[in-house]
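Fold and geometry: a report
Chain by chain, the residues run as shown.
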Amino acid sequence: MNRRLFLQWSGASTLFWAFPAVDATDPSGSNIELTAKPGKAKIVGRDFPATDIWGFDGQIPGTPIRITHGQALYATIKNALNVPTAVHWHGIRLPNAMDGVAGLTQPAIQPGESFHYQFTPPDSGTYWYHSHVNAYEQVGRGLSGPLIIEEKEPPVVDRDLVWMIDDWRLLDDASISNDFGAGHDLSHAGRIGNVPTVNGRFRDIVKVRTGERIRLRLINASNARNFALSFGELAPSVIAIDGQAVKPFQTKEPIVIGVAGRVDLMLDMSGDPGSIMPVVDSFYRETFDLTKFVYEETPLRSSALDSVIDLAPPELPEPDLSNAMAHEVTIAGGAMGGLRRAQFNGKWMSLREIARQGYVWAINDVVGNKLDMPPLIDTKMGQSIRLTLRNQTAFPHPMHLHGHHMKLLTIDGQPLPDPRWVDSPLLLPEQTMELAFVADNPGEWLFHCHALEHHAAGLGALVRIT
Ligand SMILES: [Cu+2]
């Protein structure tokens, strides 16, 4: 029994506990095959027709991948779509050639062809995989899935749940609106949809039992929607952010999961048997119930488990701040952004002229419209980099650096009480963040806004490490 993968959503942890990790150290790793292809999904329930989607193995979310820390992943991706694609393994510190950015790290996988990815994730945690070709359309149609690297000795829980939270723009017949790359989305908040989902379902429920301890892995697979989730009377403990362990902290504040970000929570379900508890989103002006916990009539236990929830600390290279190379990175443009001119293909042009070609954002006054541009950062292996990231726009930007994690040092000049490592920090309007990382992974890496319409409209740059 190879328990590595293809665990179904329900009963996943039952399987996990029934069959101990006999092959947890299997040097042969895990072989998987995923096919990018069209499929149908019942997103909005019985009263609506199924939605035509593109998905890995034709489903949303794509087939979940679960391996154990230390195992290699061998993944063959077949393309059964009629457009080229490629797969990015979001947040994994992997060799550049496996990063899945078509046109930069590999040629796109043509229709009918396949590509073999192979790497050993150096970190345990909650990650995801998604298309990196024409991403605003391909991810928007469903080409993403969870990628879980389990700790060799995970904290004891009753269930390990993955929620891929996503957002769809559906028409009245539940079909996906075809207006990918609409001008307003490019220049404003990105493609915000009208149907938020958990694991591809709108307004579903999640059955729980009083006393149950749940590890909840939240993955934001939206094109552009950020979430801020509240869990009623529960005070969840945050145990990991962007896959990397944090010193657990309990909070009743809404938990922000920016686009492409992940948060691992530990939940002790303390509601009364038979009760219902909505999970409420409040990131934008209008709040809504994302899903509901429905307590079963029989409690699992009378009081919460009393066991350690801490994960092992991250094993990431510590940046040397005293010898770090400092880079100021300013994001400008978009609607109401005040950017007048920028460099486009090496020439200064007015934003109006640039906008005519579909681009409206710039990093340090450079529009990131191509993958063969001069890099924003060009550095030698092993160099510590200190980034001061300024958002001079009216919109939030989840800034994703490929192939690395960055240590978040300050937000608006305020140091963070505990260290936190991120790969997709959500930079709010007018906010400034300082981050640092060691450039220890050779290659050319994307650094871009993960609001996918923003990236498509120029909010991207390269980091070259030689
Ligand atoms: Cu953005």
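Residues numbered from 1 in each chain as written. Predicted model: local features only at pLDDT ≥ 70, side-chain atom pairs only at ≥ 80, totals over all residues.

**Description of the overall build of the chain**
Stated formally: Secondary structure elements are defined from DSSP: runs of H or I of at least 4 residues count as helices, runs of E of at least 2 residues count as strands, and each element is numbered from the N terminus. Throughout, the radius of gyration refers to the C-alpha atoms, and the reference size of a globule is 2.2 Å times the residue count to the power 0.38. Exposure in this text rests on C-beta crowding, where 20 or more other C-beta atoms within 10 Å of a residue's own make it buried, 12 or fewer make it exposed, and counts in between make it partly exposed. The C-beta atoms are placed from the backbone.
Within the chain, the secondary structure is distributed over five helices and 33 strands. Relative to the 2.2 N^0.38 estimate, which gives 23 Å for 466 residues, the radius of gyration of the chain is 21 Å and therefore close to what a compact globule would have. For the chain, the spread of C-alpha atoms along the principal axes amounts to about 70 × 55 × 45 Å. Of all 466 residues assigned to the chain, the portion counted as buried reaches 48%.

**Digging into the environment of P278**
Let me state the cut-off plainly: By the convention adopted here, residues are in contact when the distance between their C-beta atoms, placed from the backbone, does not exceed 7 Å.
Among the secondary structure elements, P278 is positioned in strand β18 (residues 276–281). By C-beta crowding, P278 is classed as partly exposed, having 16 other C-beta atoms within 10 Å. C-alpha separation for the pair P278 and D423, spaced 145 residues apart in sequence, amounts to 29 Å. When sequence neighbours within four positions are dropped, the list of residues in contact with P278 reads G232, D289 and K292.

**Considerations on unusual backbone geometry**
Going from I60 to P61, the amide bond is cis rather than trans, its omega being -15°. Along the polypeptide, P61 turns up in the loop between β2 (51–56) and β3 (65–68). Not every positive phi belongs to a glycine, and N345 is a case in point at roughly 50°. With respect to the helices, strands and loops of the structure, N345 is situated in the loop between β21 (341–344) and β22 (347–350). Of note in this structure, D412 is not a glycine but carries a positive phi near 50°.

**Considering the sheet that holds strand β32 (residues 443–449)**
This is how the line gets drawn: At least two DSSP bridges between two strands are required for those strands to pair.
Taken in spatial order, the five strands make up an open sheet running β24-β33-β32-β26-β30, and their pairing is mixed. Here the strands that pair on one side only, and so sit at the sheet edges, are β24 (377–379) and β30 (426–427). In the sheet, strand β26 (residues 397–401) pairs with β32 via three bridges, with the strands oriented antiparallel. Its bridge partner lying in β32, L401 is registered against F447.

**Overview of the sheet that holds strand β16 (residues 255–257)**
Our working definition: Lines are fitted to the C-alpha atoms to define the axes, a helix being fitted only along its stretch in contact, and any angle between axes, read from their N-to-C directions, falls within 0 to 180 degrees.
Spatially, the five strands line up as an open sheet ordered β11-β19-β18-β13-β16, and their pairing is mixed. Edge strands, defined here as strands with exactly one partner in the open sheet, are β11 (205–208) and β16. Pairwise comparison of adjacent strand axes, ignoring direction, gives a mean angle of 25° for this sheet.

**Considerations on the pairing of strand β20 (residues 325–333)**
Sheet topology places β20 next to strand β25 (residues 383–391); seven bridges connect them, and they run parallel. Bridge pairing in β25 links I331 to N391. As defined by bridge partners, β20 adjoins strand β23 (residues 361–363) across three bridges and the pair is classed as antiparallel. Across the sheet, A332 pairs through a bridge with A362, a residue of β23.

**Concerning the domain arrangement of the chain**
Often, the extent of an interface is quoted as the loss of accessible area upon association of its parts. Definition in use: Domain extents, as shown, originate in an automatic or database domain assignment. For this classification, the nonpolar set comprises Ala, Val, Leu, Ile, Met, Phe, Trp, Tyr, Cys and Pro, the charged set comprises Asp, Glu, Lys and Arg, and every other residue, Gly included, is treated as polar.
Each domain of the chain was delimited in the assignment, giving domain 1 (12–152), domain 2 (161–295) and domain 3 (321–465). Here the C-alpha centre of domain 3 lies 26 Å away from the C-alpha centre of domain 1. Between domain 1 and domain 3, the residue contacts involve 11 residues of the former and 13 residues of the latter. Its residues placed into classes, the side of domain 1 that touches domain 3 shows six nonpolar, three polar and two charged.

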